[in-house]
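Chain by chain, the residues:
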Amino acid sequence: MAPIPQPASAAAHSARKHDVSLYQFFAPGGVLSRTHPAYEFRRGQLQMAQSVEQALEEKRHLIVEAGTGTGKTLAYLVPAIRSGKRVIISTGTKNLQEQLFHKDIPFLEQALFPNGEGRLNVCYMKGRNNYLCRKKLYDLTGQPVLSGLEEIEHYRAIAAWEKTTQTGDRAELAELPEASALWHKIDARSDACIGQKCSAFDKCFITEMHRRAMESDIIIVNHHLFFADLSIKQQAEYAPDAGILPEVGAVIFDEAHELEDVAGSYFGVSVSNGRVEELCRDVEASLQRNHMLSAQILGALRNLRERSMFLFALLPQGEGRFSFENRRDFLEENGEEFMALQQSFTRLRSELENLPSKPEEVFNFARRTQELQVQFGFLMESEDPNTVFWIERRRGGRDKFNIYLQATLIDVAPILKTCLFDKLECAVLTSATLAVGGGFEYMRNRLGLEHARESVLPSHFDYENQALFYVPPDLPDPRTPQFAAKAADRIRCLLEITRGRAFVLFTSYAQMNDVYQRLLGELDFPMLLQGDAPKSALLEEFRLTPNAVLFATSSFWQGVDVQGEQLSCVIIDRLPFAVPSDPVVAARVKSIDAEGGNAFFQYQVPAAVITLKQGFGRLIRSLHDRGLLVLLDNRILKKQYGRVFVESLPNYQRTTELKQVEEFFRG
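Predicted model only: the values in this text are computed from it and were never measured.

Caption draft 1: Region of the structure containing the sheet that holds strand 7 (residues 320-323). Taken in spatial order, the four strands make up an open sheet running 6-9-8-7, and their pairing is antiparallel. Whereas interior strands pair on both sides, the edge strands pair on one side only; in this sheet they are strand 6 (269-272) and strand 7. Within the sheet, the average angular offset between the axes of one strand and its neighbour, ignoring direction, is 20°. Where strand 6 meets strand 9 (residues 401-409), four bridges bridge the pair, whose relative direction is antiparallel. Bridge pairing in strand 9 links Ser272 to Tyr404.

Shown next as structure tokens:
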């Protein structure tokens, strides 16, 4: 008889209640104080750990805002380990995932088992496209499909690495560039996966990762993987083998302020000209390899490529993201072209199904063909009132455009309630930025989270003495043409006081480039501009360059950590309201207003509050940091809604006087 699987490893059990209480772990003189070189007692950390433990024991959901410096990760890891349950921890970024797995978990292992008498049973999972597919790599061997010397070089490096790697995770391949065209051809994305019928199944890195997850007590993932997995399970109606994440008793979402956007994208539908081309390319390469590429198949592929190119060229023109509201008119005018594309999918599928004694991957191509056909049908013909339909054009290489047809849920709350929160025993949502005006009503409404305990923890930092918040009362409204010149002047003046050492963060690329150009040659400090180098390289250069000033947009508003004097000032150009013309934002506004709500106060203001808190959160990262926060948008002082922003921010010392800014830096 097979042994009954235990809920947690013996090591986790020995680290449980009977051994070390939360107080004994976190309090002065406790385990943490004896093992952590930079230990300080943080009341908020102990309170958070107690709240998480209580939520896990009582099988209740919990939403907790814990400011920077609380020590959130240990405050949820310790109760998760002690609970004896299998717990998924989902983070907003791969960086935090790596910190948890490579830094926090080894530290806890050492603290809980100083003599090496046990270990924590933890695994770390990323999206499938981070892993190598061995079958694809073997299939490439000796095939003339590598284009150029660079790809051949990358192929050799990957083939050598494959023989020694334990995980197949591309992060181990430091020399492989981020944008390697070859990786896309050999990664383990599910499109080409044939599961147990694959000749490399037993050696597969995804199989191995899944097996490790089944044996682990704590599984560290990121939000993208978590919601991709949840949407697959939902589509498969919770078939036992759907998805790669095992069933768990609890999920802890760190950086939970990102959940609505990530969930919205995974419960939506997206097709692109690139996806159609990729299908055609995969079919061609596979059948050529298997000597099955007939004239009929070639004809069907040519027909599909032409029809797809034609339909995507007919779509409404526009740059960036824009709404596709006139789908009905479009179909009336171009219905024949749409039907011709759908028929070309049917033709390719039947040609694939009619192939005699075909390899397993051909069934997969037929499934992908049908999936694309169904998704095109939904995107063009669905009348679902809770979905917004839109188009995005992204510039590809060599003057090419990738065109995406998208459908996004307007309100994710109902689906998250039924698919996630109603099915989980315990969900813990935490971040430094979840509360608006001291409460969680906005987050609860947007995510469909009911009956949750709530907690806003006091910060560990002395914001009143560590940070000065300056708003210039005399600048013009940022929506007027006069703003950029006046803002650039004030930024120059402020940077002279702070001697550079600043992030200047913008809500748009246009404004960033405009102000950067105005200040070029005017500043005596090294100026770095987002886009001139990869994000990680820019951050490294900022850390190593005395008095540097970094000009950046949204990707530097969160998940960026620069401690010490090197970053002594964060300047934000304007209140970060989402672009009202963005199709998803516009649809959400319209939906709330149509139901009798006030979208500005219920959705737009709270979302902007959370973004502003994220941006300002870059400045004070430790007890010893000190610096200046600047918002160049004085609507925060003049408009009625400004009070919501002010009340949601930490209790920084505030001023509207430049003189006080000078005194702060002299002090």
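Picking up where we left off.
Caption draft 2: Expanded view of helix 13 (residues 273-289). The end-to-end C-alpha distance of helix 13 is 24 Å, a good match for the 24 Å that 17 residues give at a rise of 1.5 Å each. Listed as buried for helix 13 are Val276, Glu278, Leu279, Cys280, Val283, Ser286 and Leu287. On its buried face, helix 13 is in contact with helix 9 (181-186), strand 6, helix 14 (295-314), helix 15 (327-353) and helix 16 (360-381). Two residues or fewer after helix 13 comes His291, characterised by a positive phi angle close to 55°.

Caption draft 3: Geometry of the environment of Val630. Here Val630 lies in strand 17 (residues 627-631). A residue is classified by how much of its surface remains accessible, and Val630, at 0% relative accessible area, is buried. For Val630 and Asp573, which are 57 residues apart along the polypeptide, the C-alpha to C-alpha distance reads 8.3 Å. With residues up to four places along the chain from it excluded, the contact list for Val630 reads Tyr470, Leu494, Val570, Ile571, Ile572 and Phe616.

Caption draft 4: Molecular detail of the packing of helix 15 against helix 16. Viewed as axis vectors pointing N to C, helix 15 and helix 16 meet at an angle of 170°, and their least axial separation amounts to 10 Å. Taken together, helix 15 and helix 16 sit at an angle that is classed as roughly antiparallel.

Caption draft 5: Local environment of empty space enclosed by the protein. For the structure shown, the criterion picks out two cavities of 30 Å³ or more. By volume, the largest cavity is sized at about 40 Å³. For the largest cavity, the full set of lining residues is Asp191, Arg275, Leu279, Arg368 and Leu372. Every element with two or more residues in the lining of the largest cavity is listed here: helix 13 and helix 16. Each residue belonging to the lining of the largest cavity can be placed in one class, and the counts come to two nonpolar, no polar and three charged.

Caption draft 6: Quick look at the side chain of Arg618. Tracing the backbone through its elements, the reader meets Arg618 in the loop between helix 24 (599-616) and strand 17. One buried charged residue, Arg618, forms no salt bridge at all, with the nearest opposite charge on Asp561 at 6.2 Å. A polar contact of 3.1 Å, which involves the side chain of Arg618, links it to the backbone oxygen of Gln614. In contact with Arg618, other than residues within four places in its own chain, are Phe503, Phe556, Trp557, Gln558, Gly559, Val560, Val562, Leu567 and Val570.

Caption draft 7: Geometry of the pattern of salt bridges. Applying the stated criterion to the full structure yields 44 salt bridges. Among the ionic pairs, Lys85 bridges to Glu425, the shortest N-O distance being 3.0 Å. With a gap of 340 residues between them, Lys85 in the loop between helix 5 (72-83) and strand 2 (87-91) and Glu425 in the loop between helix 17 (413-421) and strand 10 (426-431) connect regions that are remote in the sequence. The network of salt bridges with shared partners includes Lys135, Asp139, Arg289 and Glu361.

Caption draft 8: Broad picture of the nonpolar core. Within the largest apolar cluster, 86 residues are counted, with the highest numbers of intra-cluster contacts made by Met125, Phe226, Phe227, Leu429, Phe503 and Phe616. For this core, the element with the highest residue contribution is helix 24, accounting for eight residues. Ignoring anything within four residues of it in the chain, the contact list for Phe616 reads Phe469, Val570, Ile572, Leu629, Val630, Leu631, Leu649 and Tyr652. Grouped together as the second largest cluster of nonpolar side chains are 41 residues, Leu62, Val64, Leu120 and Ala250 included.

Caption draft 9: Spatial organisation of unusual backbone geometry. Even without glycine at this site, Lys59 takes up a positive phi of about 55°. Within the fold, Lys59 resides in the loop between helix 4 (43-58) and strand 1 (61-66). Here Arg499, not a glycine, exhibits a phi torsion of approximately 55°, which is positive. Mapped onto the fold, Arg499 is located in the loop between helix 20 (483-498) and strand 13 (502-505).

Analysis parameters
Residues numbered from 1 in each chain as written. Predicted model: local features only at pLDDT ≥ 70, side-chain atom pairs only at ≥ 80, totals over all residues. Heavy atoms only, no water. Pairing = 2+ DSSP bridges. Helix = DSSP H or I, 4+ residues; strand = E, 2+ residues; numbered from the N terminus. Axes fitted to C-alpha atoms, helices over the stretch in contact; angles between N-to-C directions. Expected span 1.5 Å × (residues − 1). Buried < 20%, exposed > 50% of the residue type's maximum accessible area, 1.4 Å probe, protein only. Contact = heavy atoms within 4.5 Å. Parallel < 35°, antiparallel > 145°, perpendicular 65-115°, else oblique. 1 Å grid on protein atoms, 1.4 Å probe; cavity = no way out; pocket = protein on both sides within 12 Å on 5 of 7 lines; lining within 4 Å. Points joined across faces, edges and corners; volume = space filled by probe spheres on them. Nonpolar A, V, L, I, M, F, W, Y, C, P; charged D, E, K, R; others polar. Lys, Arg positive; Asp, Glu negative; His and termini not counted. Salt bridge = Lys/Arg side-chain N within 4 Å of Asp/Glu carboxyl O. Polar contact = N/O pair within 3.5 Å; in protein donor to acceptor, adjacent residues only side chain to side chain. Core = buried A, V, L, I, M, F, W, Y, C linked by side-chain atoms within 4.5 Å.

Take it as geometry only, folks, not as evidence of what the structure does.
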